[in-house]
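Chain and residue survey
If you want the building blocks of each chain, they are given just below.
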Amino acid sequence: MADNVLEVKHLRVEFPTRKGVLVAVDDVSFSIARGEILGLVGESGAGKSMTGAAVIGLLQSPGHVAAGEIIVDGQRIDGLTDAQMVDIRGKVIGAIFQDPLTSLDPLMSIGDQLVETIMRHLPLDNQSAKARAIELLEKTGIPAPLKRFSQFPHEFSGGMRQRVVIALALAANPKLIIADEPTTALDVSVQAQIIDLLKQLAKEFHSGVMLITHDMGVIAETADRVAVMYSGRIVEIGPVAEVLHDPKHPYTKGLMAAIPNMKEAGGYLHQIEGSMPGLANIPAGCAFHDRCQFKTPQCSKRRPCLVSTTANHQVACYLIEGCQEQSAGGKE
């Protein structure tokens with residue numbers, strides 16, 4: 001659709017090994033509209049960051065996109081060469097990572113890094129690029145941006161460094177921003193500031209945002225829609241309010257039940273029994289069935305397809321009416 005800045009269709013990411021091919025992302029499809037924040041959530045190893053890396057073209061060898069399509073701003077990019085992706089990253093797709101120190105050069109001033117990025121992707125001279133860099137620092141909440149322009153990363157706090165990384169991600173007015181755990185390394189008060197900043201900038205710059213996190217609280221405060229991933233697959237996707245307050249998939253229900261209720265004193269924390277399978281041991285059928293208290297014989301035989309429960313809410317589970325019929329031609 002024209003309003004979608006990102007469309008991912010049946011994405012499959014494989015890692016060839018001597019013991020066989022490992023599938024890290026398996027038949028994943030979703031879209032992100034302009035100005036929309038889509039959260040990807042799930043346990044470690046669910047495939048969230050791998051999906052983001054595939055979109056931005058930063059899969060580590062021997063990992064590769066084995067099937068599917070990635071379309072950004074109307075252009076299919078999954079078949080582009082590394083040299084072609086250099087022009088896409090920064091200009092069309094911006095990135096915000098968990099540790100800002102890995103994104104910043106400790107030997108260059110903040111201003112020089114911003115100016116270099118701006119001039120790499122936009123037809124601006126040094127003076128115009130500097131003016132834009134200072135404007136970005138101001139927009140991302142850096143106090144005294146003219147003074148800070150000449151300072152180095154070690155002179156900034158963790159929260160301020162993350163703001164600089166966000167300014168870098170926005171430097172060339174990208175259509176899509178991949179934010180991979182952007183608040184994990186920050187304290188709670190700074191997390192709230194970064195969350196507010198992401199929401200504000202997504203609307204102001206009309207950029208789509210893929211927010212990758214394991215934190216349901218961050219998803220609740222930031223995202224418009226959320227996709228829940230398990231073993232490289234999307235098991236539920238829909239508006240945040242619907243998914244968080246009325247989850248349909250047993251895995252999503254387990255994640256929500258595991259969040260402590262501050263209004264209830266005492267008791268035990270709920271947990272999902274077992275652990276996520278390794279890539280070499282993903283079971284047939286629904287990958288979650290070994291841990292699911294609602295499993296049926298069908299769950300271990302054939303993979304369920306995503307089916308709609310409401311107009312924008314989809315779930316891949318045989319507990320959902322109509323799933324069995326749609327999955328009849330699916331994968332074993």
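Here, the structure is the one placed above.
Because the structure is a prediction, the values reported are computed rather than measured.

**As for helix 3 (residues 110-121)**
Counted at 1.5 Å a residue, the expected span for helix 3 with its twelve residues is 16 Å, and the 17 Å between its end C-alpha atoms agrees. I110, G111, Q113, L114, V115, I118 and H121 are the residues of helix 3 that are buried. Against the buried residues of helix 3 lie helix 2 (82-88), helix 4 (126-139), helix 5 (145-148) and helix 6 (158-169).

**Details of unusual backbone geometry**
Of note, the bond from S61 into P62 is cis; its omega dihedral lies within 30 degrees of zero at 10 degrees. Along the chain, P62 falls in the loop between helix 1 (48-56) and strand 4 (64-72). In this structure, H206 takes a positive phi of about 60 degrees despite not being glycine. Here H206 lies in the loop between helix 7 (188-205) and strand 8 (208-213). Exposure remark for H206: the relative accessible area of 48% places this residue in the partly exposed category.

**Side note on the sheet that holds strand 9 (residues 225-230)**
Pairing is mixed across the open sheet formed by eight strands, whose spatial order is 6-7-8-3-9-10-12-11. The open sheet is flanked by strand 6 (93-96) and strand 11 (307-308), the only strands paired with a single partner. Strand direction decides the pairing type here: strand 9 and strand 10 (residues 233-239), joined by six bridges, are antiparallel. Among the inter-strand pairings, A227 is bridged to a residue of strand 10, identified as I237. Those strands touched by helix 1 are strand 3 (37-41), strand 6, strand 7 (176-180), strand 8 and strand 9, and its axis lies near 145 degrees from that of strand 8.

**Thoughts on the pairing of strand 3**
If a strand is regular, its side chains alternate between the two faces of the sheet. The element strand 3 is largely enclosed, with a buried count of five among its five residues. Side-chain alternation along strand 3 places I37, G39 and V41 on one buried face and L38 and L40 on a second face that is also buried. Relative to strand 8, strand 3 runs parallel, the two being bridged by five bridges. Across the sheet, residue V41 finds its bridge partner in strand 8, namely T213.

**Notes on the packing of helix 6 against helix 7**
Axis separation between helix 6 and helix 7 bottoms out at 10 Å; the angle between their running directions is 15 degrees. One element, helix 6, and the other, helix 7, form an angle in the roughly parallel class. Every pair of crossing elements has a handedness; the one defined by helix 6 and helix 7 is right-handed. Contact with helix 6, carried on its side by G159, Q162, R163 and I166, involves V190, Q193, I194, L197, L198 and L201 of helix 7 and no other residues of that element. For the contact of helix 6 with helix 7, a count of residues per class yields six nonpolar, three polar and one charged.

**Points about the environment of F294**
Along the chain, the position of F294 falls in the loop between helix 10 (250-257) and strand 11. Counting along the chain gives 124 residues from F294 to L170, while the straight-line C-alpha distance between them is 45 Å. With sequence-adjacent residues up to four places away left out, F294 is seen in contact with P250 and L319.

**Some points on the pattern of salt bridges**
For the structure shown, the criterion picks out 14 salt bridges. A salt bridge links R12 to E14; the nearest nitrogen and oxygen atoms lie 2.7 Å apart. Residue class for R12 comes out partly exposed when judged on its relative accessible area of 24%. The exposure class assigned to E14 is buried, which follows from its relative accessible area of 16%. The salt bridge partner of D26 is R303, with a shortest N-O separation of 3.1 Å. With D26 in strand 2 (residues 20-33) and R303 in the loop between helix 10 and strand 11, this pair connects stretches of sequence that are 277 residues apart. Here D26 matches R303 in class, with each residue buried. Through salt bridges with shared partners, one network takes in R12, E14, D26, R233 and R303.

**Notes on the pairing of strand 4**
Two elements, strand 1 (residues 4-17) and strand 4, share seven bridges in a ladder whose sense is antiparallel. Considered in strand 4, the bridge of R12 is made with A67. As paired strands, strand 4 and strand 5 (residues 75-76) are joined by two bridges and run antiparallel to one another. In the sheet register, I71 faces strand 5, and the bridge partner there is R76. Here strand 4 folds back onto strand 5, and the loop between the two strands holds two residues, one of which, D73, carries a positive phi near 55 degrees.

Parameters at a glance
- The numbering scheme is per chain: residues are counted from 1 as the chain's sequence reads.
- This being a predicted model, a pLDDT of at least 70 is required before a residue's local features are given, and a value of 80 or more before pairs of side-chain atoms are given or counted; all residues contribute to the totals for chains, interfaces and linings.
- Processing note: side-chain calculations cover all non-hydrogen atoms of the structure and skip hydrogens and water entirely.
- By the criteria applied, helices consist of DSSP H or I runs no shorter than four residues and strands consist of E runs no shorter than two, each listed in order from the N terminus.
- For a helix, the expected span equals 1.5 Å multiplied by the number of residues minus one.
- Relative accessibility decides the category of a residue: with a 1.4 Å probe and only protein chains considered, values under 20% of the type maximum give buried, values over 50% give exposed, and everything between is partly exposed.
- In what follows, a contact means two residues having at least one pair of non-hydrogen atoms within 4.5 Å.
- By this definition, two strands are paired if DSSP reports at least two bridges between them.
- To obtain an axis, a line is fitted to C-alpha atoms, over the contacting stretch when the element is a helix, and the angle between two such axes runs from 0 to 180 degrees between their N-to-C directions.
- Here the word oblique covers every angle except those under 35 degrees (roughly parallel), over 145 (roughly antiparallel) and from 65 to 115 (roughly perpendicular).
- Here a crossing is taken to be left-handed if its near helix is turned anticlockwise relative to the far helix by less than a right angle, and right-handed if that turn runs clockwise.
- Gly counts as polar in this scheme, as do all residues outside two lists: the nonpolar Ala, Val, Leu, Ile, Met, Phe, Trp, Tyr, Cys and Pro, and the charged Asp, Glu, Lys and Arg.
- Salt bridges are defined as contacts in which a side-chain nitrogen from Lys or Arg sits within 4 Å of a carboxyl oxygen from Asp or Glu.

Nothing here speaks to function; it is geometry throughout.
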